[in-house]
Amino acid sequence: MITSTLFRHGVSDAPAKQQISHRLKWLAAAAPQITRVDIVLDQVPYGGRPKHLYQCHISMRAAGRKQCDVYVNNGSIDLAVADAFDQIGSLIRYKNPESRAHV
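Residues numbered from 1 in each chain as written. Predicted model: local features only at pLDDT ≥ 70, side-chain atom pairs only at ≥ 80, totals over all residues. Heavy atoms only, no water.

1. Some words on the overall build of the chain
The condition that has to hold: Under the DSSP-based scheme used, a helix requires at least four consecutive residues in state H or I and a strand at least two consecutive residues in state E, with every element numbered from the N terminus. We take the radius of gyration over the C-alpha atoms and set the globule estimate at 2.2 Å times the residue count to the 0.38 power. Burial status follows relative accessibility: with a 1.4 Å probe on protein chains alone, a residue under 20% of its type maximum counts as buried, one over 50% as exposed, and anything between as partly exposed. In this analysis, two residues are considered to be in contact whenever any of their non-hydrogen atoms come within 4.5 Å of each other. The sign given to each residue is positive for Lys and Arg and negative for Asp and Glu; His and the chain ends receive no count. In plain terms, the charge of a residue is placed at NZ if it is Lys, CZ if Arg, CG if Asp and CD if Glu.
Looking only at helices and strands, the chain features 2 helices and 4 strands. Since a compact globule built from 103 residues should have a radius of gyration of about 13 Å, the 14 Å found for the chain is in line with a globular shape. Along the three orthogonal principal directions, the C-alpha set of the chain runs to about 45 × 25 × 20 Å. By residue count, 39% of the 103 residues in the chain fall in the buried class. Sequence-distant contacts, at least 24 apart, represent 49% of the contacts inside the chain between residues at least 6 apart. A distance of 4 Å separates the average location of the 13 positive side-chain charges in the chain from that of its 8 negative side-chain charges.

Listed below in structure tokens is the structure:
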């Protein structure tokens, strides 16, 4: 599985990097058919205030399937990452019922 992680607009958080690494290992074990995962962490404006929320965008591709994108906005980097990976996990379970044993 090819992975890339991009931190934009000054976002850099060591715990988020560790969480992403841990979640990517889980994802590789839960869904070996995934060929590429791109993760972008960014700050986005909210309520007229620039850089008020964190956004985690995960783009996932699997052999023979359409690309899947998840966007999560949250006031916490850690929660944005966790929620985005939880949504990816739900998509994997929904699209591939036999992977439930691995989740």
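2. As for the packing of aromatic side chains
Let me state the cut-off plainly: What counts as a ring pair is set by centres within 6.5 Å for rings of Phe, Tyr and Trp (its six-membered ring), and what kind of pair is set by the plane angle: stacked under 30 degrees, edge-to-face over 60, tilted for all other angles. For a lysine, the NZ atom is tested; for an arginine, the CZ atom; a charge sits over a ring if that atom is within 6 Å of the ring centre and within 35 degrees of the ring normal.
Per the counting criterion, the structure on display carries 0 aromatic pairs. Its guanidinium or amino end placed over the ring of Phe-7, Lys-17 lies 5.4 Å from that ring's centre, counting from NZ or CZ.

3. Some words on the state of the cysteines
A covalent bond between the sulfur atoms of two cysteines is what we call a disulfide. Which entries qualify depends on this criterion: Note that a disulfide, as used here, is simply two cysteine sulfur atoms within 2.5 Å.
Scanning the model with the defined rule gives 0 disulfides in all. Left without a disulfide partner, Cys-56 is nearest to the cysteine sulfur of Cys-68, which lies 13 Å away. Given a relative accessible area of 18%, Cys-68 falls into the buried group.

4. With respect to the side chain of Gln-43
Basically, it comes down to this: Identification of polar contacts relies on pairs of N or O atoms within 3.5 Å, with a donor-acceptor requirement for protein atoms, meaning one able to donate a hydrogen and the other able to accept it, and with residues adjacent in sequence counted only if both atoms are side-chain atoms.
Its location among the elements puts Gln-43 in strand β2 (residues 34-46). Look at Gln-43 and you get buried, because its relative accessible area is 16%. A distance of 3.4 Å separates a polar atom in the side chain of Gln-43 from a polar atom in the side chain of Tyr-54. In contact with Gln-43, not counting residues within four places along its chain, are Arg-8, His-9, Val-11, Lys-51, Leu-53 and Tyr-54.

5. Details of the environment of Val-11
The topology assignment puts Val-11 in the loop between β1 (2-7) and α1 (14-30). A relative accessible area of 5% means that Val-11 is categorised as buried. Sequence separation between Val-11 and Asp-38 is 27 residues, and the spatial gap between their C-alpha atoms is 16 Å. In contact with Val-11, other than residues within four places in its own chain, are Leu-41, Asp-42, Gln-43, Tyr-54 and Ile-77.

6. With respect to the nonpolar core
Put simply, the test is: The definition of a nonpolar core used throughout is a set of buried Ala, Val, Leu, Ile, Met, Phe, Trp, Tyr and Cys residues joined through side-chain atoms within 4.5 Å.
Counting residues in hydrophobic clusters, the biggest one holds 23 residues, and the most contacted among them are Leu-27, Val-37, Ile-39, Leu-41, Cys-56, Ile-58 and Phe-85. Among the secondary structure elements, those contributing two or more residues to this core are α1, β2, β3 (49-62), β4 (68-74) and α2 (77-95). Examining the composition of this core, we find that 7 residues originate from one element, α2, more than from any other. When residues no more than four places from it in sequence are discounted, the contact partners of Ile-58 are Val-37, Asp-38, Ile-39, Cys-68, Asp-69, Val-70, Ala-84, Phe-85 and Ile-88.

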